[in-house]
Amino acid sequence: MTCTLILTRHAKSAWDTNVPSDHARPLNKRGRRSAPAIAAWLRECGYLPDQVICSSAQRTRETCELMDLGVPARFTERLYHANSDIMFKELSAAEQNRVMLIGHNPGIAAFAHSIVASPPDHSRFDDYPTGATLVVKFDISSWKDLAWSSGKAIDFAVPRELLGE
């Protein structure tokens, strides 16, 4: 049995807003195009999750909603600017075998690097741009058995390439 992680950084957010906090920052126009593009890629490749664990920030919530994956999503404050250890703990407690985690940099890039045995061959993996999505398989039957550097990177995509920008 295997477990699959779909690790997504939120889509491009707006900086020119007068929202009261970073947590409340929404997606910008490009971000609102990018999230559905990532979802379409996931569907086309057969990478759909059974569960989504998402940061509670506005931009991650919007990313999740615009993906319209049709699966239960849990929004948690713990993933807002979470480090690798927190992401590991959240994933270890996941209930389904195919899980999407939606979060923020720099934590999500650090987590991506720490969870795979070797990185995917993609020029943007190191900086993990907005909307970047990594698909990782683990040879485990439960997330409780998750270990660092144990995942096999299956695929990696960035919205800009999917949209031809």
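Residues numbered from 1 in each chain as written. Predicted model: local features only at pLDDT ≥ 70, side-chain atom pairs only at ≥ 80, totals over all residues. Heavy atoms only, no water.

## Observations regarding the overall build of the chain
Phase 1: Secondary structure summary: the chain contains five helices and seven strands in total.
Phase 2: In terms of overall dimensions, the chain is globule-like: its C-alpha atoms have a radius of gyration of 14 Å, near the 15 Å expected for 165 residues.
Phase 3: Every one of the 165 residues in the chain was classed for burial, and the buried ones make up 51%.
Phase 4: Pairs at least 24 apart in sequence give 68% of the contacts found in the chain among residues at least 6 apart.
Phase 5: Surface summary for the chain: the accessible area is close to 7,700 Å², and the carbon and sulfur share equals 49%.
Phase 6: Both charge centroids of the chain, one from 19 positive and one from 19 negative side chains, sit 4 Å from each other. (Helix = DSSP H or I, 4+ residues; strand = E, 2+ residues; numbered from the N terminus. Rg over C-alpha atoms; globule rule 2.2 N^0.38 Å. Buried < 20%, exposed > 50% of the residue type's maximum accessible area, 1.4 Å probe, protein only. Contact = heavy atoms within 4.5 Å. Areas by Shrake-Rupley, 256 points an atom, 1.4 Å probe, with all protein chains shown as cover. Lys, Arg positive; Asp, Glu negative; His and termini not counted. Charge placed at Lys NZ, Arg CZ, Asp CG, Glu CD.)

## As for the nonpolar core
Within soluble globular proteins, side chains that are nonpolar generally end up buried alongside one another.
Phase 1: Ranked by internal contacts, the top residues of the largest apolar core, which has 29 residues, are L5, L7, L101, F111, Y128, L134 and W143.
Phase 2: Mapped onto this core, the elements with two or more residues apiece are β1 (3–9), α3 (84–92), β4 (98–103), α4 (107–115) and β6 (133–138).
Phase 3: Ranked by residues supplied to this core, first place goes to α4 with five residues.
Phase 4: If near-sequence neighbours (up to four positions away) are discounted, L5 is found in contact with L91, V99, L101, F111, L134, V135, V136, F138 and W143. (Core = buried A, V, L, I, M, F, W, Y, C linked by side-chain atoms within 4.5 Å.)

## A few points about the side chain of T60
Phase 1: Note that T60 resides in helix α2 (residues 58–67).
Phase 2: Here S55 takes part through its backbone oxygen, which lies 2.8 Å from a polar atom of the side chain of T60.
Phase 3: The contact partners of T60, leaving out residues within four places of it in the chain, are H10, C54, S55, I102, G103 and H104. (Polar contact = N/O pair within 3.5 Å; in protein donor to acceptor, adjacent residues only side chain to side chain.)

## Details of the packing of aromatic side chains
Phase 1: Tallying each qualifying case throughout the model produces seven aromatic pairs.
Phase 2: Where F138 meets W143, the ring centres are 5.5 Å apart and the plane angle is 70 degrees; that geometry is what we call edge-to-face. Each member of the pair, F138 together with W143, is buried.
Phase 3: Ring-pair connections join several aromatic residues into one group, and the members of that group are F88, F111 and W148. (Phe/Tyr/Trp six-rings, centres within 6.5 Å; stacked < 30°, edge-to-face > 60°.)

None of this, on its own, says anything about what the molecule does.
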